[in-house]
Amino acid sequence: MRCEVVTAARTAKVTDGDGREEAGEEATGEEATGTTPLPRPLLRSALSLYLDLHAHPELSGHEHRTADLLAARLTDHGLSVTRAVGGGHGFVGVLRNGPGPTVLLRTELDALPVTEATGLPYASTVPGVMHACGHDLHIAAVTGAVALLAADRDSWRGTLLVVGQPAEETLSGARPMLEDGRLYERFGTPDAVLAQHAAPLPAGTVAHAPGGAPLMAGSIAVDVILHGRGGHAATPHLTVDPVLMAAATVLGLQSVAAHATAPAEQAVLTVGSVRAGERGNITPDTAELSLTARAFTDSALDRLLAAATRVVRAQAAAAGAPRDPELTVTARSPALLPDPALTAAVRRAHEGALGAARVLDAAPATATEDFPHFAAGGAPTAYWLLGTTGVREWRAARAGGAPVDPNHAPGFAPDVRTALPAGITALAAAARQVLGGGPGDGGDTGPGGGGEAES
């Protein structure tokens, strides 16, 4: 997910091999929820996984170790795990606990091509790769929530699905799982699909979109190749310079959002990458651009793409390009519109588990997720934001101090002591809200999701 998120660094407390505690603060769950603390062994296990994942991040499409670790945790809690769902490193864990609704918890597996600069003792050990968007936090929270549910099966009935999704950062992981992997055909269409994401909010809080409102924008990612004619930098009259062509194209694209959409549509178009040439004395043959358009409706996205295409082609023609430019849509995701009824039910569960003061309203953000694809076949989705900023850093930033490093920044570091217990509690409470009651509750378990897990 590409977004601007305020977070704060904090050293988490863990135990060494002899059980002694290292320096820092340990999550207990009481600070995050204001209610009954989570079991300390459960938190230690989830925190240990988080620290491991953060130190060993893997890029989109290469999440083999991350998938192995999460799958092993799920297996330990009694879930049957099916690997390579849709190809790649995506997998599904299944825990069947009698007749009742089916709830799917989704977490992402991938990290980002960012060089970490947090100075944390558990900082990334992989050069140029970092969990700079919180996916390691999401994974750890899922394992904690699954541990809670698996240990208390007498209190609920139904089926729990856990999806480990690769390649979220490239917006290319969800659709293959659903389409090529036939996720719902093989495992059953869920009665609720649940997910959360790190956000610029105080740690220990969650935030929901008001009923019927979008939470995140849809997006289109486009790669562009501009063709020129290379040669010696000393003879520019004998070349068609694609670097100059690219520069003019980038400037021309800056006006697209303003002229292709109305101001109220909240559209954004960003060129995030420009690549051309190797040496200053050589004019290259080609230049490459990568851009992303974001908006809250498909029609606005279509207009942005059409306008951007016109600009790219016009600049190439004006420069006398020997070949037409190539534009390739590499990913597209619709706006994230959580189901209003399910969101209202999950919000009530969060207010009960965390306290009403810790459940906030979220304004629409132009960040993008591929989570909306999980609404395929009419599956209701609920998605909320998980606060990650420590109290001290939050207050300092609001008082006019230096801003805290956001998501995708080299200094991104969630306040794990508070955010992790809140994330575990939020996921478990949301799942319980949908799952049928256990023996003696007297409630209607509701329809099950059907389907059989494969192994």
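Residues numbered from 1 in each chain as written. Predicted model: local features only at pLDDT ≥ 70, side-chain atom pairs only at ≥ 80, totals over all residues. Heavy atoms only, no water.

Peer 1: Mind laying out the overall build of the protein chain, listing which residues take part and the relevant values?
Peer 2: A tally of regular secondary structure across the protein chain gives 12 helices and 15 strands. In the protein chain, which comprises 455 residues, the proportion classed as buried is 53%. A sequence separation of at least 24 residues applies to 81% of the contacts in the protein chain between residues at least 6 apart. Element-wise, carbon and sulfur atoms account for 53% of the exposed surface of the protein chain, whose accessible area totals about 18100 Å². (Helix = DSSP H or I, 4+ residues; strand = E, 2+ residues; numbered from the N terminus. Buried < 20%, exposed > 50% of the residue type's maximum accessible area, 1.4 Å probe, protein only. Contact = heavy atoms within 4.5 Å. Areas by Shrake-Rupley, 256 points an atom, 1.4 Å probe, with all protein chains shown as cover.)

Peer 1: Help me get a handle on the environment of Ala300, residues and values and all.
Peer 2: Here Ala300 shows up in helix H9 (residues 298-318). The exposure class of Ala300 is buried, given its relative accessible area of 1%. Taking C-alpha positions, Ala300 is 7.6 Å from Glu265, a pair spaced 35 residues apart along the chain. Contacts of Ala300, omitting those with residues within four sequence positions, involve Thr261, Glu265 and Ala295.

Peer 1: Hey, could you go over the nonpolar core for me, with residue numbers and the actual values?
Peer 2: Formed by 59 residues in total, the largest nonpolar core has its most connected members in Leu160, Leu194, Trp384, Leu420 and Ile424. Leu420 has contacts with Ala46, Leu47, Leu137, Ala140 and Ala141, leaving out every residue within four places of it along the chain. (Core = buried A, V, L, I, M, F, W, Y, C linked by side-chain atoms within 4.5 Å.)

Peer 1: Describe the pattern of salt bridges, naming the residues involved and giving the relevant values.
Peer 2: Two side chains with opposite charge may pair up if their charged atoms get near one another. Applying the stated criterion across every chain yields a total of 15 salt bridges. Where Arg303 meets Glu265, a salt bridge forms, and the shortest distance between an N and an O atom there is 2.8 Å. Of this pair, Arg303 sits in helix H9 while Glu265 sits in the loop between helix H8 (256-260) and strand S9 (268-276), and the two are 38 residues apart along the sequence. Arg303 gets classed as partly exposed once you look at its relative accessible area, which sits at 32%. Its salt-bridge partner being Arg332, residue Asp298 comes within 3.9 Å of it at the nearest N-O pair. Residue Asp298 is found in helix H9, and its partner Arg332 is found in strand S12 (residues 326-333); the two are separated by 34 residues along the sequence. Residue Arg332 is classed as partly exposed on the basis of its relative accessible area, which comes to 27%. (Salt bridge = Lys/Arg side-chain N within 4 Å of Asp/Glu carboxyl O.)

Peer 1: Outline helix H10 (residues 340-354), supporting the account with residue identities and numerical values.
Peer 2: A rise of 1.5 Å per residue sets the reference length of H10, with its 15 residues, at 21 Å; its end C-alpha atoms lie 20 Å apart and thus fit the reference within 8%. Among the residues of H10, those classed as buried are Leu342, Thr343, Ala345, Val346, Arg347, Ala349, His350, Ala353 and Leu354. Regarding H10, its N-cap is Asp339, as a side-chain oxygen of that residue lies 3.3 Å from the backbone nitrogen of Ala341 further along. Within two residues after H10, Gly355 carries a phi angle of roughly 100 degrees, on the positive side. (Expected span 1.5 Å × (residues − 1). Polar contact = N/O pair within 3.5 Å; in protein donor to acceptor, adjacent residues only side chain to side chain.)

Peer 1: Would you mind going over the packing of helix H2 (residues 40-55) against helix H12 (residues 416-434) in detail, with residue names and values included?
Peer 2: Where H2 meets H12, the closest approach of the two axes is 11 Å, and the angle between their N-to-C directions is 115 degrees. On the basis of their axis angle, the class for H2 and H12 is roughly perpendicular. Of the two possible hands of crossing, H2 and H12 adopt the one that is right-handed. Residue-level contacts link Leu42, Leu43, Ala46, Leu47 and Tyr50 of H2 to Val416, Leu420, Pro421 and Ile424 of H12. Looking at the contact of H2 with H12 residue by residue, the class counts come to 9 nonpolar, no polar and no charged. (Axes fitted to C-alpha atoms, helices over the stretch in contact; angles between N-to-C directions. Parallel < 35°, antiparallel > 145°, perpendicular 65-115°, else oblique. Left-handed = near helix turned anticlockwise from the far one by under 90°. Nonpolar A, V, L, I, M, F, W, Y, C, P; charged D, E, K, R; others polar.)

Peer 1: An account of the pairing of strand S3 (residues 102-108) is requested, with residue identities and associated values reported.
Peer 2: Counting buried positions over the 7 residues of S3 gives 7, a clear majority of the element. Here S3 shows no split at all, with Thr102, Leu104, Arg106 and Glu108 on one side and Val103, Leu105 and Thr107 on the other all buried. Both S3 and strand S4 (residues 156-165) contribute to a ladder of 7 bridges, which runs parallel. Residue Arg106 lies in a different strand from S4, and its bridge partner there is Val163. In this view, the connection linking S3 to its parallel neighbour S4 by way of helix H4 (residues 135-151) has right-handed handedness. Note that S3 and strand S5 (residues 192-202) share 3 bridges and pair parallel. By the bridge assignment, Val103 is partnered in S5 with Ala192. (Pairing = 2+ DSSP bridges. Right-handed = clockwise from strand over helix to strand, strands pointing away.)

Peer 1: A description of the packing of aromatic side chains should follow, citing residues and the corresponding values.
Peer 2: Per the stated rule, a full pass over the model turns up 3 aromatic pairs. Residues Phe371 and Phe374 carry aromatic rings whose centres are separated by 5.8 Å and whose planes lie at 35 degrees to one another, so their mutual orientation is tilted. Using a relative accessible area of 0% as the deciding quantity, one classes Phe371 as buried. Looking at Phe374, the relative accessible area reads 0%, which means it is buried. Note on Phe371 and Tyr383: the rings are 5.1 Å apart at their centroids and 45 degrees apart in plane angle, and the pair reads as tilted. You can see Phe371 sitting in the loop between strand S13 (359-361) and strand S14 (381-389) and its partner Tyr383 sitting in strand S14, a full 12 residues away along the chain. Taken together through their ring pairs, the aromatic side chains of Phe371, Phe374 and Tyr383 make up a single cluster. (Phe/Tyr/Trp six-rings, centres within 6.5 Å; stacked < 30°, edge-to-face > 60°.)

Peer 1: Any chance you could break down H4 for me, citing the residues and the numbers?
Peer 2: Every α-helix carries 3.6 residues per turn, so stepping three or four residues along brings you back to the same face. In this model, H4 (17 residues) spans 24 Å end to end at C-alpha, consistent with the 24 Å of a helix rising 1.5 Å per residue. Among the 17 residues of H4, 16 are classified as buried, and the element is accordingly described as predominantly covered.

Peer 1: Can you lay out the sheet that holds S12 for me, pointing to particular residues and giving the numbers?
Peer 2: Across the sheet, 4 strands lie side by side as S9-S11-S7-S12; this open sheet has antiparallel pairing. Where the open sheet ends on each side, the last strands, each with one partner, are S9 and S12. Direction aside, neighbouring strands of the sheet carry axes that sit 15 degrees apart on average. Sheet topology note: the strand S7 (residues 218-227)/strand S11 (residues 286-295) ladder contains 10 bridges and is antiparallel. By the bridge assignment, His227 is partnered in S11 with Thr286.

The quantities given are spatial measurements derived from coordinates; they are silent on function.
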